[in-house]
Protein chains: 2
Amino acid sequence: MLIQKKLSVCPEHVVGYVGVDLKAVRHNFCYFKQKLNHTTIAAVLKSNAYGLGYQQIAQVLIAEGCKDFFVATIEEGRELRCVSKNINIYVLYGLYQNTEESFVTYNLIPVLNTYEQIKRWDQFGKMRSKKNPCVIHYDAGMSRTGLDYEDAENFIKNKDQFKHLDILYVMSHLSASEDVQNPLNKEQLEKFEKFSAHFPGVQQSLTATPALYMGKEFQKDMTRIGYGLYGFWNPHRQYDLKNVLYVYSRIVQVRQSKKGDTVGYGATHTMQQDGVLATLSMGYADGYHRFLHNYKPYVCIDGHKAPLVGRISMDFCVVDVTHIPHDLIYEGAWVEMIGENILVDDLVFGTQFVPHEVPIHLGKRYHWEYIS
Amino acid sequence: MLIQKKLSVCPEHVVGYVGVDLKAVRHNFCYFKQKLNHTTIAAVLKSNAYGLGYQQIAQVLIAEGCKDFFVATIEEGRELRCVSKNINIYVLYGLYQNTEESFVTYNLIPVLNTYEQIKRWDQFGKMRSKKNPCVIHYDAGMSRTGLDYEDAENFIKNKDQFKHLDILYVMSHLSASEDVQNPLNKEQLEKFEKFSAHFPGVQQSLTATPALYMGKEFQKDMTRIGYGLYGFWNPHRQYDLKNVLYVYSRIVQVRQSKKGDTVGYGATHTMQQDGVLATLSMGYADGYHRFLHNYKPYVCIDGHKAPLVGRISMDFCVVDVTHIPHDLIYEGAWVEMIGENILVDDLVFGTQFVPHEVPIHLGKRYHWEYIS
């Protein structure tokens, strides 16, 4: 297998491996384009593309014709602008006071979240005698960002005053779209449509990755895909999305353990019989969240499952390898934490985690590779 | 206040601030030196000094006379070696096969975790006709790293064969030392002493930060201080340790909210009355762990407490500011997430978190400052 080959040539002092399969990212993006071909597919690359590297991901998407990118901050926008001059970059944090010049310098498009920001951007356009591109963000129920009641009313009432706005989209964001049956979806759709009706001819954007399984009435003109690019949250693997992420740790030590031995901080696990433990080079500092131990995850060694035992510590975790063929268990052996046998969806299934928490803080100490 | 001054000159596009008070690190280190003055104080700087920056922290400690540093990996050791030639750097992951040369090149000291590693290092010393410095790690009950039963027995039996080891310390690590009353402490102490007795004249190291409140019999010759450098886990603030960490986010948006409105993903919070919400520029991507919302944390705005409401998302969280003076609540205002009003200990008190999880993934998008 490709990954195994790559691992076999890693130097001994490399303590872990993160592989990001750019071919799979490309496949997933194209899948969304095809499935939602009546909408524009925008990519959400905030937080360094969910931790996976905005530059590499952006390049792949641009090559596939993606033109629209969402980031959270001006700084992320500035960095993404270095990748391409010919893409639209929308900044979700909005138009802070005194940041107007930065938006122009890096050619960024603010997502206007308040009436104050709308006035500010229009005013700035007036000063430059230009129509300023923007997105109007209406809050339909997240209570996070976007126009609140009063701001929405004010804007609707006075919209004709704003001569220097080029409104590319009105957008909103659903708060429970992973749960298709949730009545909030319908409610928020209706609120959004009521608001949007005041802006005939302006394009609309409401949904993110869940657009894939929501009704067509939700899909509008632009879909903003974040975790879907990585194939996350693919219930029952019913969509043809490919795994993007491969994370391998190494066995730091193999140890014989006796019945009654306890494992890790707080001695939360007790061995029920004599056995063999392997200590791995992945802890919560490497993004293997400490709370995962509550959910009894497993790892894979050459296809064999080994359960985590005891608490995850900062630099280590321990798995029970008693029942795995002994010739596979040796110091330095590579261990699949996430990969073809353990999708991110598998790791978080039945837990309180969401898949996008998994890539966000992955192994800064690890060897990173982009597979293309 | 000093921090407020620093924040007031931060440019508008800066979305967050992390301050690391190096004076406080120095104070804390000196406090341990004084309280445990019969032991050598080593600093544990693995995982980039718990996320806070190994270079800056190391420089302060070296200036205060610290000579002994623990890291997890060879790579961390190599980086730390760039800071100073005149310190002892111990590598906790041990002596992987074929890494002997790296240890010599960067003048690192392996923590030998297995009998195999002991033989390997001795053999390598023989080749170089030199005594190789090392630490022998005995596992007294963590079941993580260090000699297991058989390895310990083998080593004791054959120790006189190893002519090319310069054993600086025998060490172990307690699994429940934060809980002073836990009988495991005594048990593991006894196991460690039984092992150490075979190495008369060799120095010993057993405890980490909890040495401060454990009996003198635990303290031995070297104490390895990790989170104590940052003043974490200071129950009832009974020790004179200073806060090192300041984390501030900004208000991205202020919004009016109505009774019955829900907040955030999954609509887990419902407003019980009309009120005011502030959306902050800190989410789990910035190290404000998503699970924290289970424990109802608060933030501070100019000394006023505001409770978190709804789930923490990747780039945002939302707080209820209804009862805070309105002139303090505006777009761009700075909000204390961690600092003089909210110690890390406060944030994790009564939760399943440990303090050291908090700094480990802090705001890569934030402005970082080292205060000296």
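Look up a bit, the structure's there.
Quantities reported herein were computed from a predicted structural model and do not represent experimental measurements.

1. Some words on the interface of chain A and chain B
Between chain A and chain B, the contact holds 76 residues from the first and 76 residues from the second. In total, about 6800 Å² of surface goes out of reach between chain A and chain B, with carbon and sulfur atoms giving 53% of it. Of all residues in chain A, the largest losses of buried area upon contact with chain B belong to A:Tyr93, A:Tyr96 and A:Arg144, amounting jointly to 11% of the total for that side. Taken together, chain A and chain B are joined by 10 salt bridges. Between A:Glu331 and B:Arg120 there is a salt bridge, with its nearest N and O atoms 2.8 Å apart.

2. Overview of the environment of A:Gly125
All names here are of chain A. Residue position: glycine 125 is located in helix α7 (residues 115-128). Residue glycine 125 is classed as buried on the basis of its relative accessible area of 0%. Taking the C-alpha atoms as reference, glycine 125 lies 36 Å from serine 177; in sequence the two are 52 residues apart. Among all residues touching glycine 125, those that are not within four sequence positions of it are Lys130, Asn132 and His164.

3. Things to note about empty space enclosed by the protein
Scanning the entire structure with this criterion turns up eight cavities of 30 Å³ or more. Considered as a void within the structure, the largest cavity measures approximately 110 Å³ in volume. Considering the residues around the largest cavity, the lining is formed by 14 residues, among which A:His289, A:Arg290, B:His289, B:Phe353 and B:Glu357 are closest to the centre. The residue inventory of the lining of the largest cavity, partitioned by class, reads seven nonpolar, four polar and three charged.

4. Examining helix α8 (residues 149-158) of chain A
Residues and elements named next belong to chain A. Buried within α8 are the following residues: Asp151, Ala152, Asn154, Phe155 and Asn158. Buried residues of α8, seen end-on, are gathered within an arc of 165° and therefore sit on one face of the element. Seen from the buried face of α8, the exposed residues on the opposite side, beyond 90 degrees, are Glu153 and Lys157. Those residues of α8 that are buried are in contact with α7, β6 (132-137), β7 (165-171) and α9 (183-196).

5. Quick notes on the packing of aromatic side chains
Overall, the coordinates contain 35 aromatic pairs over all chains when judged by the stated rule. For the pair A:Tyr295 and A:Phe353, a centre-to-centre distance of 6.2 Å together with 75° between the ring planes defines the contact as edge-to-face. Of the two residues, A:Tyr295 sits in the loop between β13 (275-280) and β14 (298-301) while A:Phe353 sits in the loop between α10 (344-348) and β18 (367-371), which places them 58 residues apart along the sequence. Relative to B:Phe199, the ring of B:Phe195 has its centre 5.2 Å away and its plane inclined at 45°; by these criteria the two rings are tilted. By relative accessible area, which is 3% here, B:Phe195 ends up buried. Assessed through its relative accessible area of 6%, B:Phe199 is described here as buried.

6. Quick look at unusual backbone geometry
You will see that A:Lys220, though not glycine, has its phi angle at about 55°, which is positive. If you trace the backbone, A:Lys220 turns up in the loop between β8 (203-205) and β9 (222-225). In this model, B:Ser143 sits at a positive phi of 55°, which is unusual for a non-glycine residue. Mapped onto the fold, B:Ser143 is located in the loop between β6 (132-137) and α8 (149-158).

7. With respect to the packing of helix α2 (residues 22-35) of chain B against helix α4 (residues 54-63) of chain B
Residue and element names in this part refer to chain B. Two numbers describe how α2 lies on α4: the axes approach to 10 Å, and their chain directions differ by 50°. Judged by the angle between their axes, α2 and α4 are oblique. Along this stretch, α2 crosses α4, giving a crossing that reads as right-handed. Contacts between α2 and α4 pair Leu22, Val25, Arg26 and Phe29 from the former with Gln56, Ile57, Val60 and Leu61 from the latter. Of the residues contributing to the contact of α2 with α4, the split by class is six nonpolar, one polar and one charged.

8. Brief notes about the pairing of strand β17 (residues 334-338) of chain A
All names here are of chain A. Of all five residues making up β17, five are buried, and the element is well covered by its neighbours. One ladder, built from four bridges, connects strand β10 (residues 245-257) with β17; its direction is antiparallel. Within the sheet, the bridge partner assigned to tyrosine 248 lies in β17 and is glutamate 336.

9. Focus on the nonpolar core
Formed by 241 residues in total, the largest nonpolar core has its most connected members in A:Leu45, A:Tyr230, B:Leu45 and B:Tyr230. In this structure A:Tyr230 touches A:Val25, A:Asn28, A:Leu45, A:Ala49, A:Tyr50, A:Leu52, A:Ile57, A:Lys242 and A:Val244, once residues within four positions along its chain are discounted.

Basis of the calculations
All residue numbers here refer to positions counted from 1 along the written sequence of the relevant chain. Throughout, the order in which chains and ligands are written sets their labels, letters from A for the former and numbers from 1 for the latter. Local features in this predicted model are restricted to residues whose pLDDT is 70 or higher, and side-chain atom pairs enter the listing and the counts only when it is 80 or higher, whereas totals over whole chains, interfaces and linings include all residues. To get the side-chain values, take all heavy atoms of the structure and skip hydrogens and water. Contacts are assigned to residue pairs that have any heavy atoms within 4.5 Å of one another. Summed over both partners, the accessible area lost on bringing two parts together, with a 1.4 Å probe, is the buried area. Note on definitions: salt bridges are taken to be side-chain nitrogens of Lys or Arg within 4 Å of carboxyl oxygens of Asp or Glu. Helix and strand labels come from DSSP, where a helix needs a run of H or I of at least four residues and a strand needs a run of E of at least two; each type is numbered from the N terminus. When a residue's accessible area, from a 1.4 Å probe over protein chains only, is under 20% of the maximum for its type it is buried; when over 50% it is exposed; and in between it is partly exposed. Here the term cavity refers to a set of points on a 1 Å grid, laid over the protein atoms alone, in which a 1.4 Å probe fits but cannot get out; the term pocket refers to an open set having protein on both sides within 12 Å along at least five of seven lines, with lining residues being those that place an atom within 4 Å of a point. Grid points are joined across faces, edges and corners, and a volume is the space filled by probe spheres set on the points. For this scheme, ten residues count as nonpolar: Ala, Val, Leu, Ile, Met, Phe, Trp, Tyr, Cys and Pro. Four count as charged, namely Asp, Glu, Lys and Arg, and the remainder, Gly too, count as polar. Read the arc as the range of directions from the helix axis to the C-beta atoms. Only Phe, Tyr and Trp rings are paired, with Trp represented by its six-membered ring, and only when their centres lie within 6.5 Å; those with planes under 30 degrees apart are stacked, over 60 edge-to-face, the remainder tilted. Think of each axis as a best-fit line through the C-alpha atoms, taken over the contacting stretch in the case of a helix, with angles from 0 to 180 degrees between the N-to-C directions. Each angle receives one of four descriptions, namely roughly parallel if under 35 degrees, roughly antiparallel if over 145, roughly perpendicular if within 65 to 115, and oblique otherwise. By definition, any crossing whose near helix is turned counterclockwise from its far helix by less than a right angle is left-handed, and any crossing with a clockwise turn is right-handed. Strand pairing is assigned whenever DSSP identifies at least 2 bridges connecting the two strands. Joining through side-chain atoms within 4.5 Å is the link that ties buried Ala, Val, Leu, Ile, Met, Phe, Trp, Tyr and Cys residues into a set, and such a set is a nonpolar core.

These values are about where atoms sit, not about what they do.
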